[in-house]
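# Understanding the architecture of this molecule
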Amino acid sequence: MGNDVVTIGYIMKPSREEDFAKRGAFPLYPTRDGLMFLPLTFELPLAPQLQEVDIILHKATDEIISIDMTGTAEFANRITFTRGMQELKRYMDHPPDCCVIDQLDKIYPVLDRLKIQQTLLGLQDLNAPGRQIIRGPHFLKVNDFRDPSLDQKLSGAKLSLPSIVKPQVACGVAHAHNMEYVDHSSTLYKFYVLGDKVFNAVKKSTPNAHILMKLCGDDELKPLVFDSLKSLPTADEKQLCGDNIDHGLVTEAAKWLARNLGLTIFGFDVVIQEGSRDHVIVDVNYLPSFKEVPEGVAIPAFWDAIKKKLESKRTT
């Protein structure tokens, strides 16, 4: 194809690939910027396929079989990937000239909710007098819900009911999406970082606490169980608060996250706490679909992020 064409080999689950492809994100012929995309498959030997690509774009979390959160070994050694991903990982661990978006060690912190919450504590460096606060949620790792001192521990962590209980594994396994509850006017702001560009969209979110409590159906205090990818309770339109977020503050946080996580393409969710107006980052994920962003701006930014990543590698 010539030296001026950059070939991106990509691997992800079929449904995700289809979603990207139908929006024109994976052209099989070179774009005006000289990018073309080649699907990789674990059904054929990887080595010959990888010889044809300049960049590997992957969603490794699609290939996770299990994660052992109880072990003491390095986190990377507690993840069991599919056989095909294990082979690709061996290649990415010792790449010759190939650029990877992104290296697995940059993704591991996003898989561990405790680790990412600890990272978000660093957002305090962005806060200054006279401006809104941006932070991660208050959190507590609970090892036993029968712990007699749990009330005190929750209080010490600035947590009170209702609280959202999440598994420590953030994605990649079946139970990762079974879901400090923040009253946030039922509005969720989704932010997407594509290289040096930041986009956002507004979505309906969970109702405020007093409405959630009514969903239990009686006076008994009990868990309200839902899957955050499927059955998330959402508010009525009249409960939404509209777009009153401090975009400058969150964009600054996005750049801070990009520097500290070392990720090229990622997303995060923000809610605004009623009363304090704190901007709270409640979730961070790698290589999101960014489907809420119009194709006309999202896809060129996606390509640009990939190209700049390669250019950065070549100059280092």
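By the naming in an unreviewed UniProt entry, the chain goes by inositol-1,3,4-trisphosphate 5/6-kinase and is assigned to Morus notabilis. Quoted verbatim from the Sequence similarities (unreviewed entry) heading of the UniProt record, the comment on the chain is "Belongs to the ITPK1 family."

A tally of regular secondary structure across the chain gives nine helices and 11 strands. When the 316 residues of the chain are sorted by exposure, 45% land in the buried category. Per element, the accessible surface of the chain, about 16700 Å² overall, is 51% carbon and sulfur.

With that out of the way, let us pick up the side chain of His58. Secondary-structure assignment places His58 in strand β3 (residues 55-58). When its relative accessible area of 0% is taken as the criterion, His58 is described as buried. Side-chain polar atoms of His58 contact the backbone nitrogen of Ala60, separated by 3.1 Å. Residue contacts for His58: discarding those within four places in its chain leaves Ile11, Met85, Met92, Val100, Ile101, Asp102, Leu104, Ile107, Tyr286 and Leu287.

On to the sheet that holds strand β7 (residues 134-135). Here we have five strands laid out as an open sheet, ordered β7-β11-β10-β8-β9, and mixed in their pairing. In this open sheet, the two edge strands, each paired with only one partner strand, are β7 and β9 (197-204). When strand β8 (residues 187-194) meets β9, the two strands line up antiparallel, connected through eight bridges. Bridged to Val193 within β9 is Val198. Running at roughly 140 degrees to β9, helix α9 (residues 295-314) makes contact with β8, β9 and β10 (265-272) of the sheet.

Moving on, we get to the nonpolar core. Judged by nonpolar contacts, the single largest core of 75 residues is most densely connected at Phe268, Ile281 and Phe302. Ranked by residues supplied to this core, first place goes to α9 with eight residues. Three or more residues apiece are contributed to this core by two domains, here domain 1 (6-110 + 297-315) and domain 2 (111-291). Not counting chain neighbours up to four residues away, the residues in contact with Phe302 comprise Phe20, Ala25, Phe26, Phe37, Leu57, Leu194, Ile265, Leu287 and Phe290.

We now examine the sheet that holds strand β1 (residues 6-11). Spatial strand order, β2-β1-β3-β6: four strands in an open sheet with parallel pairing. Bordering the open sheet on either side are β2 (35-39) and β6 (99-101), each of which pairs with just one other strand. Shown here is a sheet whose adjacent strand axes are inclined to one another by a mean of 25 degrees, direction ignored. With five bridges connecting them, β1 and β2 associate as parallel partners. Paired with Gly9 across the two strands is Leu38, which belongs to β2. Along the sheet, α9 makes contact with β1, β2, β3 and β6, crossing β6 at roughly 140 degrees.

What counts and how
- Counting starts from 1 at the beginning of each chain's written sequence and moves along it residue by residue.
- Since the coordinates come from a predicted model, pLDDT governs what is reported: local features require at least 70, and pairs of side-chain atoms require 80 or more to be given and counted, while whole-chain, interface and lining totals use all residues.
- To obtain the side-chain values, all non-hydrogen atoms of the structure were used and water was disregarded.
- UniProt positions are given in the numbering used here, feature names are shortened, and annotations may be inferred rather than shown by experiment.
- Put simply, DSSP H or I for four residues or longer makes a helix, DSSP E for two residues or longer makes a strand, and each gets a number counted from the N terminus.
- Whether a residue is buried, partly exposed or exposed follows from its accessible area with a 1.4 Å probe, protein chains only, as a fraction of its type maximum: under 20%, in between, or over 50%, in that order.
- Each accessible area value is a Shrake-Rupley result obtained with a 1.4 Å probe; residue values ignore everything except the protein chains displayed when judging cover.
- Counted as a polar contact is a pair of N or O atoms within 3.5 Å, where, for protein atoms, one must be capable of donating a hydrogen and the other of accepting one, and residues adjacent in sequence contribute only when both atoms are in side chains.
- Note on definitions: a residue-residue contact is assigned when non-hydrogen atoms from the two residues lie within 4.5 Å.
- In this analysis, strands are considered paired if DSSP registers two or more bridges between them.
- Convention adopted: a line fitted to C-alpha atoms gives each axis, helices being fitted over their contacting stretch, and angles between N-to-C directions are expressed from 0 to 180 degrees.
- The set of buried Ala, Val, Leu, Ile, Met, Phe, Trp, Tyr and Cys residues whose side-chain atoms join them within 4.5 Å is what this entry labels a nonpolar core.
- The split into domains, and so the bounds of each, comes from an automatic or database assignment of domains.

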